[in-house]
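The chain contents come next:
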Amino acid sequence: MKLGIVGLPNVGKTCLFNAMTGQKADTSNYLFGTVGSNIGMVSVPDTRLDWLADHYQPKKKTPATIDFVDIAGLVRGASKGEGLGNKFLSNIRQVDALVHVVRCFDDENVAHADGSVDPARDIETINLELILSDMDIVERRRDRAVKNSKGDKKYLAEADLCQRLLDHLEMGQSARSFEFTDDEAELIKTSELLTLLPVIYVANLGEDAVSDPEGSEYYKIVKEAAEAEGAPCLPICALFEADIVELEEEDRQMFLEDMGITETGLDKLIRASYALMGLISFLTAGTDECRAWTIRKGSKAPKAAGKIHSDLERGFIRAETVAFEDLKEAGNLNAAKTKGLLRSEGKEYVVQDGDVINILFNV
């Protein structure tokens, strides 16, 4: 999974990126401090994998990962080439979902692209530029379909879809909110529309609001805008996250407890990302390696096996499966088997989050 961190310049995108990835990308206080895109891979925290690794003492422990892409800041008029314009937009098309960072802190020492902090305006600016970019794409596709329909009537349906979608976008609505049929969704997917990408809003708070996000009027504005779209909204202080990531694990936990915080912003963001994308993790365990694998929720056992290796999917026989909590409660695999907790599942089994699986196959 690849998440693109987007927003106006100087809203804290790169600071958040550094906190998430442990990198040291430039966070200079000037517009377009990021001119390209910074990319970093993050290991997904998973206490289940940690337990398995402690139990099996494997040669290798491999967590699931997420790629974060810190994309250059967008300004009003970017769809027409303002600021870094098309460079920004082309980078967005390479991600699976957007993390839209909105500035929710006052600091006279940090410049704002529009001169003042206004979360509602800033959200509208970003969303409008994405919509304008999509309108251009859909309009060109409609014109092409109309032209092609003169020789082949099958293009009439595509032209009609594009016109209806264009009308929808012109009303300031994202492609996410358009009601596609299954066939239409497959057809339009090839256009890589920016407003089709699922989005998570991150309200980047000041450090004074870390312990009480609900007390921030800025956060309330972002939360309301996100709820109107049916999108998740996370209150995170990027500067705070960047500070705690520098601490040793033990000191970090103590510090979070003292602050009354149960999980880091990274943990929140990963959990929200998995839910947004409909993803779960299953686990494999042994003395060679303990590993977490990411799959789509609803995937059947052969598809999960294919995530490990294509041969396992092609020659799938069955999956020996035990729920992690059952395995942990039993203490070990043999005890789980004795208690009847280890199951033999066939090709129609839908893998559940936290399943510990051993694939039997023959090729």
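Each remark here, short or long, concerns the structure printed above.
These figures come from a predicted structure and were not determined experimentally. (Residues numbered from 1 in each chain as written. Predicted model: local features only at pLDDT ≥ 70, side-chain atom pairs only at ≥ 80, totals over all residues. Heavy atoms only, no water.)

**Thoughts on the overall build of the chain**
What the chain contains, in helices and strands, is 14 helices and 12 strands. If one aligns the C-alpha atoms of the chain with their principal axes, the spans along those axes are about 65 × 65 × 30 Å. The long-range share in the chain, meaning contacts at least 24 apart out of those at least 6 apart in sequence, stands at 67%. As displayed, the chain offers around 18300 Å² of accessible surface, 47% of which is attributable to carbon and sulfur atoms. Taking the 42 positively charged and 62 negatively charged side chains of the chain as two groups, their mean positions are separated by 9 Å. (Helix = DSSP H or I, 4+ residues; strand = E, 2+ residues; numbered from the N terminus. Contact = heavy atoms within 4.5 Å. Areas by Shrake-Rupley, 256 points an atom, 1.4 Å probe, with all protein chains shown as cover. Lys, Arg positive; Asp, Glu negative; His and termini not counted. Charge placed at Lys NZ, Arg CZ, Asp CG, Glu CD.)

**Describing the packing of helix 5 (residues 155–170) against helix 6 (residues 182–189)**
Pairs of packed helices are described in terms of their axes, by the angle between the two and the distance that separates them. With their axes 11 Å apart at the nearest point, helix 5 and helix 6 run at an angle of 85 degrees to one another. The angle between helix 5 and helix 6 falls in the class roughly perpendicular. Only E184, L187 and I188 of helix 6 make contact with helix 5, whose side of the interface consists of E158, L161, R164 and L165. Of the residues in the contact of helix 5 with helix 6, the class split is four nonpolar, no polar and three charged. (Axes fitted to C-alpha atoms, helices over the stretch in contact; angles between N-to-C directions. Parallel < 35°, antiparallel > 145°, perpendicular 65-115°, else oblique. Nonpolar A, V, L, I, M, F, W, Y, C, P; charged D, E, K, R; others polar.)

**Side note on the nonpolar core**
Core analysis: the largest hydrophobic core is formed by 64 residues, its most contacted members being M20, F68, I92, L98, Y201, V222 and L269. For I92, the contacting residues outside a window of four places in its chain are V6, I71, L98, L130, L194 and L197. Grouped together as the second largest cluster of nonpolar side chains are 14 residues, I280, A319, Y349 and V351 included. (Core = buried A, V, L, I, M, F, W, Y, C linked by side-chain atoms within 4.5 Å. Buried < 20%, exposed > 50% of the residue type's maximum accessible area, 1.4 Å probe, protein only.)

**Considerations on the side chain of S281**
Relative to the helices and strands, S281 resides in strand 8 (residues 279–284). Taking the relative accessible area as the measure of exposure, S281 reaches 5% and is therefore buried. Residues in contact with S281, not counting those within four places in the same chain, are D46, R48, Y274, W293, T294, Q352, D353, G354 and D355.

**Some remarks on the pattern of salt bridges**
Under the counting rule described, the total for this entry stands at 21 salt bridges. The closest approach of N and O atoms between K59 and D288, which form a salt bridge, is 3.5 Å. You can see K59 sitting in the loop between helix 2 (47–56) and strand 3 (60–62) and its partner D288 sitting in the loop between strand 8 and strand 9 (289–296), a full 229 residues away along the chain. Of the residues examined, D288 reaches a relative accessible area of 51% and is grouped as exposed. In this structure, the salt-bridge partner of K300 is E348, at a minimum N-O distance of 2.5 Å. Taken together, the residues K300 in the loop between strand 9 and helix 11 (301–308) and E348 in the loop between strand 11 (343–345) and strand 12 (355–361) connect sequence positions 48 residues apart. (Salt bridge = Lys/Arg side-chain N within 4 Å of Asp/Glu carboxyl O.)

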